[in-house]
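Spelled out from the first residue to the last, the chains are:
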Amino acid sequence: QPNRGTKRPRDEEEEEIKARRKQGREHGRHREEEAAALEETDDEKKKLLQIIERDGEEEEEEEEPLDESSVKKMILTFEKRSYKNQELRIKFPDNPEKFMESELDLNDIIQEMHVVATMPDLYHLLVELNAVQSLLGLLGHDNTDILTEPAAGTAPGPPGCPRRFALLPCRALLMSSFLTDIDTLHESEEGAEVLIDALVEGQVVALLVQNLERLDESVKEEADGVHNTLAIVENMAEFRPEMCTEAAQQGLMQWLLKRLKAKMPFDANKLYCSEVLAILLQNNDDNRELLGELDGIDVLLQQLSVFKRHNPSTAEEQEMMENLFDSLCSCLMLSSNRDRFLKGEGLQLMNLMLREKKISRSSALKVLDHAMIGPEGTDNCHKFVDILGLRTIFPLFMKSPRKIKKVGTTEKEHEEHVCSILASLLRNLRGQQRTRLLNKFTENDSEKVDRLMELYFKYLDAMQAADKKIDGEKHDMVRRGEIIDDDMEDEFYLRRLDAGLFVLQLICYIMAEICNANVPQVRQRVHQILNMRGSSIKIVRHILKEYAENIGDGKNQEFRESEQKRILDLLENF
């Protein structure tokens with residue numbers, strides 16, 4: 001038989017069995033405690049793993065705090081990689097495999113540099129170490145062959161090209177949009193000034209426009225590049241409005257108009273284009289003139305014509321429509337654009353919109369107001385009567401729409417625009433067209449005069465309530481010994497305008513015009529209603545006198561003086 005080995009003493013075997021039983025009992029006793037603590041143990045394990053991983057990373061490369069020296073180091077690394085990439089691209093222009101690694105390295109460092117955008121105090125380092133110029137240089141980087149995905153219907157890049165990351169120009173655009181974020185710029189005015197100066201000096205807008213021309217928006221990364229470009233322009237324009245003129249002249253205006261009229265489905269970039277266009281035109285006659293010279297009025301009218309019979313399908317599309325209307329109103333502040341608007345049949349389009357009763361109606365009313373106001377609107381006023389515009393405007397005068405669909409449009413704004421249009425027509429029309437307008441006030445037993453007087457008392461009551469409140473505030477200020485200076489008076493006047501004073505002034509002006517038109521029926525009706533309501537001509541005269549005193553000089557002092565004289569002459573005969 002085989003040797004079974006030395007046997008253990010019996011005592012030892014019994015002790016081992018007892019020990020195992022004891023261990024089993026202890027295991028059973030602790031099983032519930034372990035189950036209860038299982039979640040806590042798992043959490044602790046995860047924490048331990050994270051600590052181990054973090055310690056391992058710190059051993060490989062100890063993280064540096066983000067300070068001036070670490071930012072300098074990052075910028076210098078970026079400069080080196082950028083130079084190396086340029087060098088390899090020149091050396092091996094037809095062999096992407098040779099320079100691809102350097103391109104990936106450059107992409108990585110640009111991503112790392114995004115953290116600099118959170119520290120505007122260190123922006124001066126970007127300028128001092130020439131990083132801004134290098135970033136601008138990347139906007140022209142010739143790597144359109146390195147797409148993440150090839151565009152639909154296009155051939156992929158050269159053999160050996162990885163499809164791993166977005167275009168370097170788009171990476172640079174994203175970086176620049178982070179740097180110029182308006183909230184960040186306002187955190188450090190000094191750092192922001194340095195950065196914006198460097199960007200303007202490097203002709204950033206011209207480079208951006210050149211890059212826009214070569215981006216294909218059917219590729220997501222390049223579409224994002226377009227969006228980031230527009231973000232850079234918007235941020236810079238908000239921080240430094242005076243650069244809008246230069247931006248428009250460097251090709252941005254032309255590109256925006258081209259993009260708006262491109263036959264592409266509506267998207268976020270088209271909306272953004274409309275926003276940037278409205279910003280460029282705000283309080284800027286040079287840009288308004290440039291848009292007119294580039295046939296921009298026609299482009300705006302073409303884009304808006306879609307909405308004459310159809311409402312925007314989404315809130316974003318409605319926002320774009322409003323941006324285009326705002327741009328058109330802004331352009332019509334310039335007299336040369338009023339002629340272009342007239343020749344482009346803008347009046348006919350706005351008139352159709354008023355009749356169709358779509359969301360665009362209230363904005364079309366605002367455009368007509370801008371097109372006809374002042375002596376520069378004379379031709380548009382005559383044309384409006386020729387296209388039977390009186391049939392459209394008077395129903396809107398007689399009854400304000402109950403439900404104004406456009407968000408933000410109030411009954412007061414509607415009545416203000418209608419009264420302003422009627423005041424412009426009365427001011428500018430001559431001969432037969434003026435007679436046609438005055439005849440409207442005698443139709444149907446002078447119902448339009450009745451409506452005018454109804455509006456007069458509505459806004460007079462609102463003004464008297466506002467004046468009472470302001471007088472109370474003035475009394476309290478005097479009692480406290482505070483001085484009411486010119487600035488305070490201007491503020492009070494603006495508050496009165498907001499309460500409805502401007503609409504009341506327009507109504508009184510219309511009243512004076514129709515009463516001085518040698519139409520006895522109209523004059524008698526006005527006096528009759530004033531007497532019935534216990535009101536007086538003196539109140540109307542006071543309102544008009546205040547209106548004349550506060551007329552702005554517009555383009556010149558001569559216009560202001562002649563307009564004041566004309567209104568005071570109306571008062572004398574009233």
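Residues numbered from 1 in each chain as written. Predicted model: local features only at pLDDT ≥ 70, side-chain atom pairs only at ≥ 80, totals over all residues. Heavy atoms only, no water.

A.B. asks: Looking at this model, I keep getting lost on the packing of helix H10 (residues 204-214) against helix H12 (residues 243-261). Mind explaining?
C.D. replies: Packed helices, taken two at a time, are described by their axes: the angle between them and the distance between them. At a minimum axis separation of 9 Å, H10 and H12 run at an interaxial angle of 10 degrees. With respect to H12, the element H10 is oriented roughly parallel. Between H10 and H12, the contacting residues are Val205, Ala206, Val209, Leu212 and Glu213 on the first element and Met243, Ala247, Gln250, Gly251, Leu252, Trp255 and Lys258 on the second. Looking at side-chain class alone, the contact of H10 with H12 contains 8 nonpolar, 2 polar and 2 charged residues. (Axes fitted to C-alpha atoms, helices over the stretch in contact; angles between N-to-C directions. Helix = DSSP H or I, 4+ residues; strand = E, 2+ residues; numbered from the N terminus. Parallel < 35°, antiparallel > 145°, perpendicular 65-115°, else oblique. Contact = heavy atoms within 4.5 Å. Nonpolar A, V, L, I, M, F, W, Y, C, P; charged D, E, K, R; others polar.)

A.B. asks: How should the confidence of the model for the chain be read in this particular structure?
C.D. replies: Residues shown with low pLDDT carry predicted positions that ought not to be read at fine detail. Counting all residues, the mean pLDDT for the chain is 83, and 80% of those residues have values of 70 or more. Here residues 1-14 scores under 50 on pLDDT; set against residues more than four positions off or in separate chains, the count is 2 contacts. Taken as a whole, residues 144-167 scores under 50 in pLDDT and shows 46 contacts with residues more than four places along the chain or in a different chain. (pLDDT = per-residue confidence, 0-100.)

A.B. asks: I'm lost on the nonpolar core in this one. Help?
C.D. replies: Grouped burial of nonpolar side chains is what soluble globular proteins tend to show. Counting 147 residues, the largest nonpolar core has Leu328, Phe341, Met350, Leu425 and Tyr456 as its most contacted members. At 13 residues, the largest contribution of residues to this core is made by helix H25 (residues 486-515). Two domains each donate at least three residues to this core, and these are domain 1 (345-442) and domain 2 (449-573). For Phe341, the contacting residues outside a window of four places in its chain are Ile297, Leu301, Leu328, Leu332, Gly346, Leu347, Met350, Val367, Ala371 and Asn380. (Core = buried A, V, L, I, M, F, W, Y, C linked by side-chain atoms within 4.5 Å. Buried < 20%, exposed > 50% of the residue type's maximum accessible area, 1.4 Å probe, protein only. Domains from an automatic or database assignment.)

A.B. asks: Please clarify how the packing of aromatic side chains should be interpreted in this entry.
C.D. replies: Aromatic ring pairs are reported here in terms of the distance separating the ring centres and the angle at which the planes meet. The tally for this structure, following the rule as stated, stands at 3 aromatic pairs. Relative to Phe397, the ring of Phe394 has its centre 6.1 Å away and its plane inclined at 90 degrees; by these criteria the two rings are edge-to-face. Of this pair, Phe394 and Phe397 both sit in helix H21 (residues 390-398), separated by 3 residues, roughly a single helical turn. The class of Phe397 is buried, set by a relative accessible area of 2%. Taking the centre distance of 5.0 Å and the plane angle of 70 degrees together, the rings of Tyr456 and Phe457 count as edge-to-face. Both residues of the pair, Tyr456 and Phe457, count as buried. Here the aromatic cluster, defined as three or more aromatic residues joined through ring pairs, consists of Phe394, Phe397 and Phe441. Taking the ring centre of Phe92 as reference, the NZ or CZ of Lys98 above it sits at 5.4 Å. Positioned above the aromatic ring of Phe457 is the side chain of Arg533, whose terminal nitrogen or guanidinium carbon lies 4.0 Å from the ring centre. (Phe/Tyr/Trp six-rings, centres within 6.5 Å; stacked < 30°, edge-to-face > 60°. Lys NZ or Arg CZ within 6 Å of the ring centre and 35° of its normal.)

A.B. asks: How should unusual backbone geometry be read in this particular structure?
C.D. replies: Residues other than glycine predominantly adopt negative phi, and peptide bonds predominantly adopt the trans conformation. For Asn283, which is not a glycine, the phi torsion comes out positive at approximately 50 degrees. The residue Asn283 is located in the loop between helix H13 (268-281) and helix H14 (285-293) in this model. According to the relative accessible area criterion, Asn283 is exposed, its value standing at 71%. Residues other than glycine seldom take positive phi values, yet Asn444 does so here, at roughly 50 degrees.

A.B. asks: Hey, could you run me through the pattern of salt bridges in this one?
C.D. replies: Close approach of charged atoms allows side chains with opposite charge to pair. Applying the stated rule across the entire model yields 32 salt bridges. Between Arg89 and Glu103 there is a salt bridge whose closest N-O contact spans 2.9 Å. Of the two residues, Arg89 is situated in helix H3 (residues 68-91) and Glu103 in helix H4 (residues 96-112); the sequence distance between them amounts to 14 residues. With relative accessibility at 17%, the residue Arg89 sits in the buried group. The exposure class assigned to Glu103 is buried, which follows from its relative accessible area of 0%. (Salt bridge = Lys/Arg side-chain N within 4 Å of Asp/Glu carboxyl O.)

A.B. asks: What should I look at first to understand the side chain of Ser330 in this one?
C.D. replies: Within the secondary structure layout, Ser330 lies in helix H16 (residues 315-331). Apart from the residues within four sequence positions on either side, Ser330 is in contact with Leu281, Gln282 and Arg288.

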